[in-house]
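Structural features, examined
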Amino acid sequence: MSLVEEFQYGLDAPICLTWELTYACNLACVHCLSSSGRRDPRELSTAECQAVIDELERMQVFYVNIGGGEPTVRSDFWDLVDYATAHHVGVKFSTNGVRITPAIARRLAASDYLDVQISLDGATAEVNDAVRGPGSYATALRAMENLAAAGLSGFKISVVVTRHNAGQLDAFQAIAERYGAQLRLTRLRPSGRGADIWDELHPTAGQQRALYDWLVAHGEDVLTGDSFFHLAGYGEALPGLNLCGAGRVVCLIDPLGDVYACPFAIHDNFLAGNVRNGGFEKVWRESELFADLRRPQTGGACTSCSAFDACRGGCMAAKFFTGLPLDGPDPECVRGHGAVALSTVDAARTPRPSGNHSRVPVTIGRRPPARACDENPLAGIAH
Amino acid sequence: MSTEFDLDAAWRLHPQVSLRPERFGALLYHFGTRRLSFLKSTALLDVVRMLDAAPNARVACVNAGVAPEQVSTYERALGTLAASEMIVERS
């Protein structure tokens with residue numbers, strides 16, 4: 001059996017997992033996967049987070065991808081990072097850079113088990129801020145300067161590829177080189193608030209082809225988090241595992257301890273359980289949803305396609321939130337089958353993401369003024 | 001990158017590598033290079049586990065029960081692991 005086949009039947013423990021530590025965020029990105037904004041009072045406590053880390057150590061989960069929300073606004077964030085790395089669980093965390101001061105940057109540079117990803121969705125302030133909000137480009141670049149000045153080379157610049165920045169790949173690469181960083185490109189998913197803007201922002205078919213060629217040309221120098229495996233339908237597979245690992249080799253723990261099959265599938269249909277009911281390991285090993293995902297999947301309408309062995313039908317979450325059947329083509333199928341399928345979907349009936357933590361309604365490039373009491377997203381968080 | 005592997009040298013798992021046994025062999029994660037790798041058989045896992053206590057890799061293969069005519073196969077696999085710094089020479 002090939003490794004990919006082995007992985008499709010699931011592992012006893014995830015290779016890595018995504019852990020959203022809080023729904024609180026100082027930004028309100030239009031494509032936020034977790035519809036973040038306000039902290040939820042039911043979020044896991046420090047002790048509960050430590051108990052999860054203890055389990056991850058026992059299960060030998062190699063690392064966690066910590067996100068949010070903006071994880072660094074949790075007052076116990078640095079303590080949890082220290083706790084994880086001291087327990088041999090590596091930490092990669094995503095941040096918009098708001099808390100990456102020169103002092104924090106020096107602290108980060110001193111750890112071997114820590115990776116930092118600064119999110120940036122435009123190589124120019126104009127393109128970035130239309131998606132991530134005013135001032136967010138400047139915040140991200142200041143964080144990069146601080147990291148570079150502290151001698152932390154190889155931090156990641158994490159870009160969600162959209163219709164507006166797909167033409168800026170070389171410019172992103174230049175920014176990465178300027179700071180001694182590594183570029184990481186990931187796919188725009190119609191998840192969370194992303195469901196509202198996906199039609200408008202997902203790359204065109206032409207941009208998608210150009211992206212694929214660019215990724216092939218850059219090989220392993222550019223990270224993708226395996227997020228473009230649907231592009232393998234073009235021919236040569238991109239570096240990485242090229243499979244959907246949802247519930248098989250990866251999963252998501254949300255701020256409340258809910259365990260979902262993947263970070264792009266925050267919906268009751270993909271909810272496997274909660275760490276508060278007997279721990280994470282129990283959910284990973286005993287969830288019926290995960291057991292289903294680990295059975296051989298049918299390709300449905302895709303089975304007869306010559307690209308199916310390469311793309312495996314694409315991303316489950318992308319299909320689900322665009323209203324497509326899970327055993328059919330990905331909405332961005334490189335053969336165009338997704339576009340045809342989408343034309344028959346009744347947009348009013350597509351599934352809605354579970355949970356909305358937005359402080360205010362969020363739209364591309366324009367934000368309604370927040371009420372004064374909403375201005376500080378950290379309200380309610382102890383310092 | 002050299003793939004020449006010295007079977008007569010003493011080897012060990014890189015101190016920053018975490019090894020997790022799986023039904024197909026094992027997963028390896030290197031916290032320094034952030035690379036994930038795989039041992040595609042439990043027999044190779046046995047060899048890797050024997051490295052540290054053996055005076056050299058050839059003896060580790062023997063101790064793990066590798067037949068003499070199979071040693072070259074394991075030499076190649078160990079060479080790949082050495083090239084990605086998953087295993088390093090012991091001094």
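Preceding block: the structure.
Here, residues in each chain are numbered from 1, in the same order as that chain's written sequence. Going through the entries in the order they are written, you letter the chains from A and number the ligands from 1. Residues qualify for local features only when their pLDDT is at least 70, as the model is predicted, and side-chain atom pairs are given and counted only at 80 or more; totals for whole chains, interfaces and linings, by contrast, use all residues.

Looking now at the overall build of chain B. Helix and strand counts for chain B come out as 3 helices and 5 strands. For the purposes of this entry, the term helix denotes a DSSP run of H or I that reaches at least four residues, the term strand denotes a run of E that reaches at least two, and both are numbered from the N terminus. For chain B, the α and β elements follow one another from N to C terminus as β-β-β-β-α-α-α-β. Every radius of gyration here is taken over C-alpha atoms, with the globule rule written as 2.2 Å times N^0.38, N being the number of residues. Against the globule reference of 12 Å for 91 residues, chain B gives a C-alpha radius of gyration of 12 Å, in line with a compact fold. Considering only C-alpha atoms, chain B reaches an extent of 35 × 30 × 25 Å along its principal axes. Comment: burial labels come from other C-beta atoms within 10 Å of the residue's own C-beta, placed from the backbone, where a count of 20 or more is buried, 12 or fewer is exposed, and between is partly exposed. Evaluated residue by residue, chain B yields a buried proportion of 24% over its 91 residues. Within chain B, contacts between residues separated by at least 24 positions form 50% of all contacts whose residues are at least 6 apart in sequence. Two residues form a contact once the distance between their C-beta atoms, set from the backbone, is within 7 Å.

Next up on the list: the environment of Arg20 of chain B. Position of Arg20 of chain B among the secondary structure elements: in strand E2 (residues 17-22). Looking at Arg20 of chain B, the number of C-beta atoms within 10 Å reads 17, which means it is partly exposed. As for Arg20 of chain B and Asn56 of chain B, which are separated by 36 residues in sequence, their C-alpha atoms are 23 Å apart. Setting aside residues up to four positions removed in sequence, Arg20 of chain B forms contacts with Gln60 of chain A together with Ala26 and Leu27 of chain B.

Moving on, we get to the pairing of strand E2 (residues 63-67) of chain A. Along any regular strand, the residues point their side chains to alternate faces of the sheet. All names here are of chain A. Burial analysis of E2 places 5 of its 5 residues in the buried class, which makes it a mostly covered element. In this analysis, strands are considered paired if DSSP registers two or more bridges between them. Bridge count between strand E1 (residues 16-20) and E2: 5 bridges; the pairing is parallel. Counterpart to Glu20 in the pairing with E2 is Gly67. Assignment of crossover handedness uses the view with strands pointing away from the viewer, where a clockwise path from the first strand over the helix to the second indicates a right-handed crossover. Since E1 and E2 lie parallel, the crossover through helix H2 (residues 46-58) that links them has a hand, and here it is right-handed. As paired strands, E2 and strand E3 (residues 90-95) are joined by 4 bridges and run parallel to one another. Paired with Tyr63 across the two strands is Gly90, which belongs to E3. What joins E2 to E3 is helix H3 (residues 77-86), and the crossover it makes is right-handed.

What follows deals with the pairing of strand E4 (residues 35-39) of chain B. Residues and elements named next belong to chain B. Pairing analysis gives 5 bridges linking strand E3 (residues 25-30) to E4, with the strands arranged antiparallel. Looking at the pairing, Leu28 lines up with Ser37 of E4. Linking two consecutive strands that pair antiparallel, namely E3 and E4, is a turn of 4 residues; a positive phi of about 60° is found at Arg34 within it.

This part takes up the sheet that holds strand E6 (residues 182-187) of chain A. Sheets are built from strands that pair by backbone hydrogen bonding, the pairs being arranged parallel or antiparallel. Residue and element names in this part refer to chain A. Strand order across the open sheet formed by 9 strands is E6-E5-E4-E3-E2-E1-E7-E8-E9, with mixed pairing between neighbours. Across the chains shown, the open sheet's two edge strands, defined by having one partner strand only, are E6 and strand E9 (271-274). In this structure, strand E7 (residues 252-253) lies alongside strand E8 (residues 258-260), joined through 2 bridges in antiparallel fashion. Residue Leu252 lies in a different strand from E8, and its bridge partner there is Tyr260.

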